[in-house]
Amino acid sequence: GDFGSLRNLEALEYECFRMIMNGSKICIGDQMHPRGALDKDVYKRIGQVYAHIEEREPWCVASKKQADIGIFMTNEPTKKGLTAHEGALRMMLELHHQFDFIDCTDDLNKYQLIILPDNAKVDAAMEEKLSAYLKQGGKLIASYLSGFDQEVSDFVMKELGVEYVEPNPYKPSYIVLEDAFRGDLPALEYAMYQESVCVKGKPGSEILAKEGRPYFNRTYDRFCSHRHFPFECLTENDSIVRNGNVIYLANQVFSEYIELGVRLNRDIVEKCIDLLLDKPLLRSNLPASAEVTYRTQKDRTIVHLLHYIAEKKSRRMTVVDTKLPIIDIQMQIRCEKAPQRVYLAPTMEELDFEYKEGYVSVTIPKLIGHGMVVIE
């Protein structure tokens with residue numbers, strides 16, 4: 001929106017629906033002409049969207065966000081530190097997990113799982129807090145330098161179940177997933193493109209993936225292919241190690257995902273979460289392009305669903321002008337007791353449901369743009 005342009009209706013809907021599903025109020029600003037004249041077409045469009053918001057307000061006011069996962073914010077105000085957070089944000093949105101960003105002052109026991117993404121080095125106080133959380137049955141995923149001391153000389157957290165060897169001399173390195181962990185992923189030696197560390201699982205730990213190396217690093221005097229040498233062999237090191245309720249990954253899975261978009265990184269994190277998170281708030285067959293939030297309001301559970309398509313249609317702008325419908329959405333929503341009714345808001349369409357083992361199972365026939373599943 002600028003002088004002489006009008007915000008796409010779909011873009012304005014997307015932004016405003018995204019605000020309410022995350023508990024925010026909405027303020028749409030108009031850039032007023034120097035003459036002080038209001039543009040009727042601009043306010044007609046704002047009115048269109050506000051009308052949709054108004055009919056959804058009864059299920060939004062005083063609602064509270066619920067989350068399974070706490071993502072630890074590092075104290076590094078650097079682009080590198082923030083890149084890992086952005087990668088974790090993107091993954092959790094696409095995997096539809098409910099999460100908060102937290103720091104050392106937060107109550108860790110609110111969460112089933114804590115994630116330390118890539119650069120979450122810990123001090124003595126945080127190590128003590130995380131250790132207490134794990135002793136009480138908490139779950140943890142840490143990657144790359146997370147769990148190290150501030151000088152990156154060794155791991156502070158012994159619960160990771162790994163021994164530090166050295167910075168990995170190869171970039172990229174390779175990762176070979178163990179068959180039981182790999183599941184339905186192709187049996188390849190996968191390139192991991194960013195810096196990593198060499199570690200070995202301690203006795204009693206479970207090895208989920210091994211480290212591999214290329215023939216050489218690609219340099220001016222050792223040249224191969226477009227980008228790097230292929231896989232040569234496994235090393236003596238491990239790439240993913242599970243020690244009870246803790247999983248450690250030696251690679252920058254979160255930073256690499258937001259920088260390069262390699263799907264494998266998200267698949268690996270998803271498998272790690274599935275191993276540790278027993279009863280997530282939500283399960284569904286939604287595509288990664290959809291967004292979901294789980295909120296509560298008095299005796300209601302409200303699950304917001306959102307599906308708009310953002311496309312890089314130009315060199316400068318990511319544009320939202322499409323809302324693709326999704327049909328036959330299968331959802332399992334965690335709920336403490338059997339509900340009296342389940343319906344879609346704001347249409348008030350009643351939904352058939354089944355309640356079993358703490359989950360409400362429903363099928364949403366069709367979603368266009370934004371909708372809410374309400375459990376009362």
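Residues numbered from 1 in each chain as written. Predicted model: local features only at pLDDT ≥ 70, side-chain atom pairs only at ≥ 80, totals over all residues. Heavy atoms only, no water.

Q: How do you make sense of the pairing of strand β11 (residues 231-243) when you look at a structure like this?
A: Regular strands place side chains that alternate from one sheet face to the opposite one. Pairing between strand β10 (residues 206-214) and β11: 7 bridges, direction antiparallel. Of the residues in β11, the one forming a bridge with P214 is F231. Examined bridge by bridge, β11 and strand β12 (residues 246-249) share 4 bridges and lie antiparallel to one another. Of the residues in β12, the one forming a bridge with N243 is V246. Taken together, β11 and the strand that follows it, β12, pair antiparallel across an intervening segment of 2 residues, in which G244 is found at a positive phi of about 65°. (Pairing = 2+ DSSP bridges. Helix = DSSP H or I, 4+ residues; strand = E, 2+ residues; numbered from the N terminus.)

Q: What am I meant to see in the packing of aromatic side chains here?
A: The description of two aromatic rings rests on the distance between their centres and on the angle between their planes. In the structure shown here, the tally under the stated rule is 9 aromatic pairs. Both rings, one in W59 and one in Y343, keep their centres 6.5 Å apart while their planes meet at 65°; by these two values the pair is edge-to-face. Remark: Y343 occurs in strand β19 (residues 342-345) and W59 occurs in the loop between α2 (40-56) and β1 (64-65); sequence separation between them is 284 residues. Taking relative accessible area as the criterion, Y343 reaches 1% and is therefore assigned buried. Judged by centre distance (6.0 Å) and plane angle (90°), the ring pair of F99 and F101 falls under edge-to-face. The exposure class of F101 is partly exposed, given its relative accessible area of 34%. An aromatic cluster is built from F148, F155, Y164 and Y248, whose rings are joined through pairwise contacts. Positioned above the aromatic ring of F99, the side-chain terminus of K65 is 5.6 Å from the ring centre. The ring of Y359 is capped by R283, whose NZ or CZ atom sits 4.5 Å from the centre of that ring. (Phe/Tyr/Trp six-rings, centres within 6.5 Å; stacked < 30°, edge-to-face > 60°. Buried < 20%, exposed > 50% of the residue type's maximum accessible area, 1.4 Å probe, protein only. Lys NZ or Arg CZ within 6 Å of the ring centre and 35° of its normal.)

Q: Explanation requested: the nonpolar core in the structure shown.
A: Generally speaking, a soluble globular protein has its nonpolar side chains buried in company with each other. Judged by nonpolar contacts, the single largest core of 32 residues is most densely connected at I69, M92, I141, I175, L177, I240 and I268. By residue number, the principal contributor to this core is helix α7 (residues 263-276), which donates 6 residues. Aside from chain neighbours lying at most four places away, what touches I141 is L113, I114, I115, L116, I247, L249, C272, I273 and L276. In terms of nonpolar packing, the next biggest core, distinct from the first, is built from 29 residues, A67, V122, Y164 and V246 among them. (Core = buried A, V, L, I, M, F, W, Y, C linked by side-chain atoms within 4.5 Å. Contact = heavy atoms within 4.5 Å.)

Q: I tried to follow the pattern of salt bridges on my own but got confused; where do I start?
A: Opposite charge on two side chains makes pairing possible when the charged atoms of those side chains draw close. Using the criterion set out here, one finds 21 salt bridges in the structure. In this structure, the salt-bridge partner of K323 is E13, at a minimum N-O distance of 3.0 Å. In this pair, K323 is assigned in the loop between β17 (319-322) and β18 (326-334) and E13 in helix α1 (residues 9-21), connecting sequence segments 310 residues apart. Assessed through its relative accessible area of 31%, K323 is described here as partly exposed. Note that K313 and D321 form a salt bridge whose closest N and O atoms lie 3.0 Å from each other. Connected through salt bridges with shared partners, the residues R300, R341, E350 and E376 form a single ionic network. (Salt bridge = Lys/Arg side-chain N within 4 Å of Asp/Glu carboxyl O.)

Q: Explain the sheet that holds strand β20 (residues 349-350) here, please?
A: Strand pairs in the sheet, formed through backbone hydrogen bonds, run parallel or antiparallel to each other. If you trace the 6 strands from one edge of the open sheet to the other, you get β1-β14-β15-β23-β19-β20, paired in antiparallel fashion. Each edge of the sheet is formed by a strand with only one pairing partner; in this case those strands are β1 and β20. Bridge analysis of strand β14 (residues 291-297) against strand β15 (residues 300-307) gives 7 bridges, and the strand direction is antiparallel. Its bridge partner lying in β15, T296 is registered against T301.

Q: How should a nonpolar patch on the surface be read in this particular structure?
A: A cluster of nonpolar side chains, M73, L82, L89 and F101, forms an exposed patch at the surface whose accessible area comes to about 310 Å². Structurally, L89 is set in helix α3 (residues 79-95). (Patch = residues over 30% accessible without salt bridge, like charges linked within 9 Å, V, L, I, M, F, W, Y side chains within 5 Å. Areas by Shrake-Rupley, 256 points an atom, 1.4 Å probe, with all protein chains shown as cover.)

Q: Just to check I follow, could you spell out the sheet that holds strand β13 (residues 282-284) for this structure?
A: Ordered by their spatial adjacency, 4 strands build an open sheet running β13-β18-β22-β21, and the pairing between neighbours is antiparallel. Taken across any chain shown, the strands that pair with only one partner, and hence form the sheet edges, are β13 and β21 (353-356). Averaged over all neighbouring strand pairs, the angle between strand axes comes to 25°, with direction disregarded. (Axes fitted to C-alpha atoms, helices over the stretch in contact; angles between N-to-C directions.)

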